[in-house]
Amino acid sequence: MKIAVIHGPNLNMLGKRDPKHYGSLTLSDIENNLKRDFKEVEFIFFQSNHEGAIIDFIQNLKADALIINPGAYTHTSIAIRDALETIELFKVEVHLSNIYEREDFRKINYVKDVVNQSFYGKKYESYYEACQYIVDKMMNL
Ligand code: DQA
């Protein structure tokens, strides 16, 4: 099973960002943990700070499912929302922090309606639960 994982802007800075919201793991730690915890999955990891690059990646995606943490684009990008809406894949949104219990502007979420499920507020566990959810769903297809 092939799962693509997209990390949006500033997620390359994990480890230096506020640990209260994002924990202390780096992006490599998160990716290594996923590979450790889901040996049966082939991961394709992609990080970009650029909206267009993320859209290009979504449009050209060849995978069985997608996990996306759009970072701040969650709250601003109709373009990423439209790209996600167009692809026929199992799609899961992930956030390390609980975006619904922070500033009001983070409560605006353009992607939640075009993904199959959302996991947030549990730092690395959000990714773990998202991946487990996909594996369970795909095995029951
Ligand atoms: C984030 C939450 C966003 O509001 C923020 O801009 C991020 C990371 C998260 O994983 O909690 O960069 O998506």
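Residues numbered from 1 in each chain as written. Predicted model: local features only at pLDDT ≥ 70, side-chain atom pairs only at ≥ 80, totals over all residues. Heavy atoms only, no water.

Trainee: Explain the overall build of the protein here, please?
Mentor: If you tally the helices and strands in the protein, you get five helices and five strands. Secondary structure of the protein in N-to-C order comes out as β-α-α-β-α-β-α-β-β-α. Against the globule reference of 14 Å for 141 residues, the protein gives a C-alpha radius of gyration of 14 Å, in line with a compact fold. For the protein, the C-alpha atoms occupy an extent of roughly 40 × 30 × 25 Å along the three principal directions. A buried classification covers 48% of the 141 residues belonging to the protein. Taking the intrachain contacts of the protein between residues at least 6 apart in sequence as the baseline, contacts between residues at least 24 apart amount to 73%. Taken as a whole, the protein presents about 7,200 Å² of accessible surface, with 47% of it coming from carbon and sulfur. Within the protein, one finds 17 positive and 20 negative side-chain charges whose respective centroids are separated by 4 Å. (Helix = DSSP H or I, 4+ residues; strand = E, 2+ residues; numbered from the N terminus. Rg over C-alpha atoms; globule rule 2.2 N^0.38 Å. Buried < 20%, exposed > 50% of the residue type's maximum accessible area, 1.4 Å probe, protein only. Contact = heavy atoms within 4.5 Å. Areas by Shrake-Rupley, 256 points an atom, 1.4 Å probe, with all protein chains shown as cover. Lys, Arg positive; Asp, Glu negative; His and termini not counted. Charge placed at Lys NZ, Arg CZ, Asp CG, Glu CD.)

Trainee: I would appreciate a short explanation of the side chain of Asn33 in the present structure.
Mentor: Checked against the element boundaries, Asn33 lands in helix 2 (residues 27-37). For Asn33, a relative accessible area of 15% gives the class buried. Those residues in contact with Asn33, other than ones at most four positions away along the chain, are Leu25 and Tyr124.

Trainee: What should I look at first to understand the packing of helix 2 against helix 5 (residues 124-139) in this one?
Mentor: Each pair of packed helices can be described by the angle between their axes along with the distance between the axes. Taken N-terminus to C-terminus, the directions of helix 2 and helix 5 make an angle of 35 degrees; their axes are 10 Å apart at the nearest point. Here helix 2 runs over helix 5; the crossing is right-handed. From helix 2, Ile30, Asn33, Leu34 and Asp37 reach across to helix 5, where they touch Tyr124, Tyr127, Tyr128 and Cys131. A class-by-class count of the residues in the contact of helix 2 with helix 5 yields six nonpolar, one polar and one charged. (Axes fitted to C-alpha atoms, helices over the stretch in contact; angles between N-to-C directions. Left-handed = near helix turned anticlockwise from the far one by under 90°. Nonpolar A, V, L, I, M, F, W, Y, C, P; charged D, E, K, R; others polar.)

Trainee: Can you walk me through the pattern of salt bridges in this structure?
Mentor: A side chain with one charge can pair with a side chain of the opposite charge if their charged atoms come near. All chains considered together, the criterion is met by five salt bridges. For the salt bridge of Asp104 with Lys107, the shortest nitrogen-to-oxygen distance reads 2.8 Å. Because the salt bridges share partners, they merge into one network encompassing Arg102, Glu103 and Arg106. (Salt bridge = Lys/Arg side-chain N within 4 Å of Asp/Glu carboxyl O.)

Trainee: Looking at this model, I keep getting lost on the sheet that holds strand 3 (residues 65-69). Mind explaining?
Mentor: Within a sheet, adjacent strands bond to each other through the backbone by hydrogen bonds, running parallel or antiparallel. Read from one edge of the open sheet, five strands run 2-1-3-4-5, paired in parallel fashion. At either end of the open sheet lies a strand with only one pairing partner, and these are strand 2 (42-47) and strand 5 (117-120). Put simply, the sheet's adjacent strands are angled 20 degrees from each other on average, direction ignored. Across four bridges, the pairing between strand 4 (residues 90-95) and strand 5 is parallel. The residue of strand 5 that forms the bridge with His95 is Tyr120. (Pairing = 2+ DSSP bridges.)

Trainee: Please explain the site of the ligand as it appears in this structure.
Mentor: Around the ligand, a shell composed of Pro9, Arg17, Tyr22, Asn69, Gly71, Ala72, His75, His95, Leu96, Ser97, Ile99 and Arg106 is seen. In this structure, an oxygen atom belonging to the ligand sits 3.0 Å away from a side-chain N or O atom of Arg17. One of the backbone N or O atoms of Ala72 is found 3.2 Å from an oxygen atom in the ligand. Here the ligand has 320 Å² of accessible area as a free molecule, and 98% of this is covered by the chains. Classifying every residue of the shell around the ligand by side-chain character gives five nonpolar, five polar and two charged. (Near = heavy atom within 4 Å. Polar contact = N/O pair within 3.5 Å; in protein donor to acceptor, adjacent residues only side chain to side chain.)

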